[in-house]
Amino acid sequence: MRILVVGASGTIGSKICNVLANHEIIRAGRNGIDVSVDTTVEQSIKEMYEKVGKVDAVVNASGGANFVSVAELTPELNERGIQSKLKGQINLVLLGLNYVNDGGSFTLTTGVMMDDPIPLGASAAMANGGVKSFVKAASIEMPRGIRINSVSPNAVLESWGRLEKFFAGFTPVPVNRVALAYKKSVEGAQTGQNYEVY
Ligand SMILES: NC(=O)c1ccc[n+]([C@@H]2O[C@H](COP(=O)([O-])OP(=O)(O)OC[C@H]3O[C@@H](n4cnc5c(N)ncnc54)[C@H](OP(=O)(O)O)[C@@H]3O)[C@@H](O)[C@H]2O)c1
C-alpha cells in the first residue's frame, strides 16, 4: 500500500511508520521528510495532496489543543484545538477524499481525555469528541468503499516525562501498542471505529 502519514516525525507518528514499514510510506509534517503540510491551513493540505497524488491510506498523528482550565479558557485559546486537532483532521478527509483509492482508508487521532477527563483538558476533549463523532457518522456514507477510523491513545510512556503532571493516576501505555491500533485500522477491514488504547 501507498500510505501518507501526517505527523510522521512525532512520538506516535514515527512508531506508526515503523509498524507500517512493509508499505510505501510518505512522511508529512510542517517539516515533513517527504512532503510538507500545515493541517491548520486548507491551501497547504490541498498542495500536499496535489504533490503526493493517489494513496491507499491517510493516517494523521498530528494536532494539538491548549491545556487551560475552563475558567481561563477564552474563545481565542480554544481556537487552537478547533483549528488543529478538530478542523485540521477533518479537512484532511474532506480535501483528501479524491486522492484515496477505492477501498482505502483514513485514520485520525483522538485521545483518552474525552473519556476520562483531566483538569485543563476540556478544549482537547472537545476536539477529540468532535473527531470521534465525525468518524462514526462519516463512515456510513464514505464513497467507493473507503473506510474511516480513529485511534484514541492513552498518554504514552514515551511522552510521560512531559505529560505525567497532567495525567495524575493514569498508567501510560507503550507507544508500540498505540501504533498497532493504526496498523489495525489501515490493514484491517473495520470502519467507523474509535480504537481505545487505554
Ligand atoms: N503523546 C501522547 O501521549 C498522546 C496521547 C493521546 C493523544 N495524543 C495525540 O496524538 C497525536 C500525536 O501526538 P505526539 O505526542 O506523537 O505528538 P508530537 O510528538 O508532538 O508530534 C507531532 C507531529 O505532528 C507534526 N505536526 C505538528 N503540527 C502540525 C501541523 N499543524 N500540520 C502538520 N503536521 C504537524 C509534527 O511535525 P512538524 O513539527 O514537522 O510539523 C510531528 O511530526 C496528537 O494529536 C496528540 O494529541 C498523544
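Please refer to the structure higher up on the page.
None of these values were measured; they are calculated from a predicted model.

Student: Would you mind showing me how to read the packing of aromatic side chains here?
Tutor: The way to describe two aromatic rings as a pair is by their centre distance and the angle between their planes. For the coordinates displayed, the defined rule picks out 3 aromatic pairs. Note on Tyr49 and Tyr99: the rings are 5.2 Å apart at their centroids and 15 degrees apart in plane angle, and the pair reads as stacked. One end of the pair, Tyr49, is in helix H2 (residues 42-52); the other, Tyr99, is in the loop between helix H3 (75-94) and strand E5 (100-109), with 50 residues separating them in the sequence. Overall, the relative accessible area of 1% leaves Tyr49 in the buried class.

Student: Would you explain the pairing of E5 in this entry?
Tutor: Of all 10 residues in E5, 7 are buried; the element is thus mostly enclosed. Across 4 bridges, strand E4 (residues 55-60) lies against E5 in parallel orientation. Following the sheet pairing, Val55 is matched in E5 by Val100. For the crossover from E4 across H3 to E5, the handedness is right-handed. Taken together, the 5 bridges between E5 and strand E6 (residues 147-153) define a ladder with parallel strand orientation. Residue Phe106 lies in a different strand from E6, and its bridge partner there is Ile148.

Student: Which parts of the structure should I look at to understand the site of the ligand?
Tutor: In the vicinity of the ligand there are 25 residues, among which Ser9, Arg30, Asn31, Gly63 and Val156 approach most closely. Within the contact set of the ligand, an oxygen atom lies 2.6 Å away from a side-chain nitrogen or oxygen of Ser9. Within the backbone of Gly63, one N or O atom sits 2.8 Å away from an oxygen atom of the ligand. Relative to its unbound accessible area of 880 Å², the ligand is 80% covered by the protein chains. Judged by the proximity of its atoms to the pocket grid, the ligand belongs to the largest pocket. Mapped onto the shell around the ligand, the elements with two or more residues apiece are helix H1 (11-19) and helix H5 (160-163). Per-class residue counts for the shell around the ligand are 8 nonpolar, 13 polar and 4 charged.

Cut-offs used in this document
Residues numbered from 1 in each chain as written. Predicted model: local features only at pLDDT ≥ 70, side-chain atom pairs only at ≥ 80, totals over all residues. Heavy atoms only, no water. Phe/Tyr/Trp six-rings, centres within 6.5 Å; stacked < 30°, edge-to-face > 60°. Helix = DSSP H or I, 4+ residues; strand = E, 2+ residues; numbered from the N terminus. Buried < 20%, exposed > 50% of the residue type's maximum accessible area, 1.4 Å probe, protein only. Pairing = 2+ DSSP bridges. Right-handed = clockwise from strand over helix to strand, strands pointing away. Near = heavy atom within 4 Å. Polar contact = N/O pair within 3.5 Å; in protein donor to acceptor, adjacent residues only side chain to side chain. Areas by Shrake-Rupley, 256 points an atom, 1.4 Å probe, with all protein chains shown as cover. 1 Å grid on protein atoms, 1.4 Å probe; cavity = no way out; pocket = protein on both sides within 12 Å on 5 of 7 lines; lining within 4 Å. Sits in = over half its atoms within 2 Å of the grid points. Nonpolar A, V, L, I, M, F, W, Y, C, P; charged D, E, K, R; others polar.

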